[in-house]
Amino acid sequence: MVRRPVAFVTAIVLFVEAVGIVIVNGVLATVAGNQSMSLAGMDPDAMVAGTWVMGGVSGVLLVLCALIPLLAGIRDRAPGRFARIALIACAVVHGVLGALAVGLIGWAAFAFLMVVLALIVLTLVAFERREPEAGKAGAPEAPAPA
């Protein structure tokens, strides 16, 4: 089956993306601090601190989302309800960021975000919950012919 490799690749890509987000926000914070940038008169130190916090929070959330497919791949089991909701939220965020990135950054960023979105969705679909097989305990029996 393709479930486990897709889950592992999704986890690896999300881990790499988490590191990338932290690095990009670190660069932005450094640039904002070196040039004393402010937005609408806001304190430049607040801009730097906010950028670092946003990078850290985004990185932690991506790492937590990466742990879900990693554990699903190791266990070869579908994620639970909360984990599926977290992955769906992560997929929605990647879709919205992809739509924004195509206009602001370019097609390469859009393509990367869509690949990550596809991997997350493929992980969710590949680990679809299985129905109990016929003949096992607790499985519904087929109706009798009329």
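A quick note: this is a predicted structure, and the numbers were derived from the prediction, not measured.

Draft legend 1. Layout of the packing of helix α3 (residues 81-104) against helix α4 (residues 107-126). Across the interface, α3 lies against α4 with an axial gap of 8 Å and an inter-helix angle of 160 degrees. Compared by their axis directions, α3 and α4 come out roughly antiparallel. In this structure, α3 crosses over α4, and the sense of that crossing is left-handed. Judged by residue contacts, R84, L87, I88, C90, A91, H94, G95, L97, G98, A101 and V102 of α3 engage W107, A109, F110, L113, M114, V116, L117, I120, V121 and L124 from α4. In terms of residue class, the contact of α3 with α4 is made up of 17 nonpolar, 3 polar and 1 charged.

Draft legend 2. Expanded view of α3. In a regular helix each residue adds 1.5 Å, so 24 residues correspond to 34 Å; α3 covers 34 Å between its end C-alpha atoms and thus fits that length. Listing the buried residues of α3 in full gives A83, R84, A86, L87, C90, A91, H94, G98 and A101. The inward-facing, buried residues of α3 abut α1 (3-34), α2 (44-75) and α4. Count one or two residues on from α3 and you reach G106, which has phi positive near 140 degrees.

Draft legend 3. Structural context of unusual backbone geometry. Phi is positive for D76, close to 55 degrees, though the residue is something other than glycine. Relative to the elements of secondary structure, D76 occurs in the loop between α2 and α3.

Draft legend 4. Structural context of the nonpolar core. Ranked by internal contacts, the top residues of the largest apolar core, which has 15 residues, are L14, L62, I68, L87, C90 and I120. Looking at this core, the elements with two or more residues in it are α1, α2, α3 and α4. If one sorts the elements of this core by residue count, α3 sits on top with 5 residues. When neighbours within four sequence positions are excluded, I120 is seen to be in contact with T10, L14, L87, C90, A91 and H94.

Draft legend 5. Region of the structure containing the packing of α2 against α3. Remark: α2 packs on α3, axes separated minimally by 10 Å, with the N-to-C direction vectors making an angle of 125 degrees. With respect to α3, the element α2 is oriented oblique. Both α2 and α3 take part in a crossing whose hand is left-handed. Residues L62, C65, I68 and P69 of α2 pack against A83, A86, L87, C90 and H94 of α3. Tallied by class, residues from the contact of α2 with α3 come to 8 nonpolar, 1 polar and no charged.

Draft legend 6. Looking closely at α4. Between its terminal C-alpha atoms α4 stretches 28 Å, which fits the 28 Å expected from 20 residues at 1.5 Å a residue. Turning to α4, its buried residues number three or more, namely A109, L113, V116, L117, L119, I120, T123 and L124. The arc that holds the buried residues of α4, viewed along the axis, is 155 degrees, so those residues lie on one side. Exposed side chains of α4 directed beyond 90 degrees from the buried face belong to W107, A108 and V125. Residues of α4 that are buried sit in contact with α1, α2 and α3.

Draft legend 7. Main features of the packing of aromatic side chains. All told, the structure shown has 1 aromatic pair when counted by the stated rule. Geometrically, the ring pair formed by W107 and F110 is edge-to-face, given 5.4 Å between the ring centres and 90 degrees between the ring planes. Of this pair, W107 and F110 both sit in helix α4, 3 residues apart, roughly one helical turn. Exposure remark for W107: the relative accessible area of 63% places this residue in the exposed category.

Rules behind the numbers
- Residues numbered from 1 in each chain as written.
- Predicted model: local features only at pLDDT ≥ 70, side-chain atom pairs only at ≥ 80, totals over all residues.
- Heavy atoms only, no water.
- Axes fitted to C-alpha atoms, helices over the stretch in contact; angles between N-to-C directions.
- Helix = DSSP H or I, 4+ residues; strand = E, 2+ residues; numbered from the N terminus.
- Parallel < 35°, antiparallel > 145°, perpendicular 65-115°, else oblique.
- Left-handed = near helix turned anticlockwise from the far one by under 90°.
- Contact = heavy atoms within 4.5 Å.
- Nonpolar A, V, L, I, M, F, W, Y, C, P; charged D, E, K, R; others polar.
- Expected span 1.5 Å × (residues − 1).
- Buried < 20%, exposed > 50% of the residue type's maximum accessible area, 1.4 Å probe, protein only.
- Core = buried A, V, L, I, M, F, W, Y, C linked by side-chain atoms within 4.5 Å.
- Arc of directions from axis to C-beta.
- Phe/Tyr/Trp six-rings, centres within 6.5 Å; stacked < 30°, edge-to-face > 60°.

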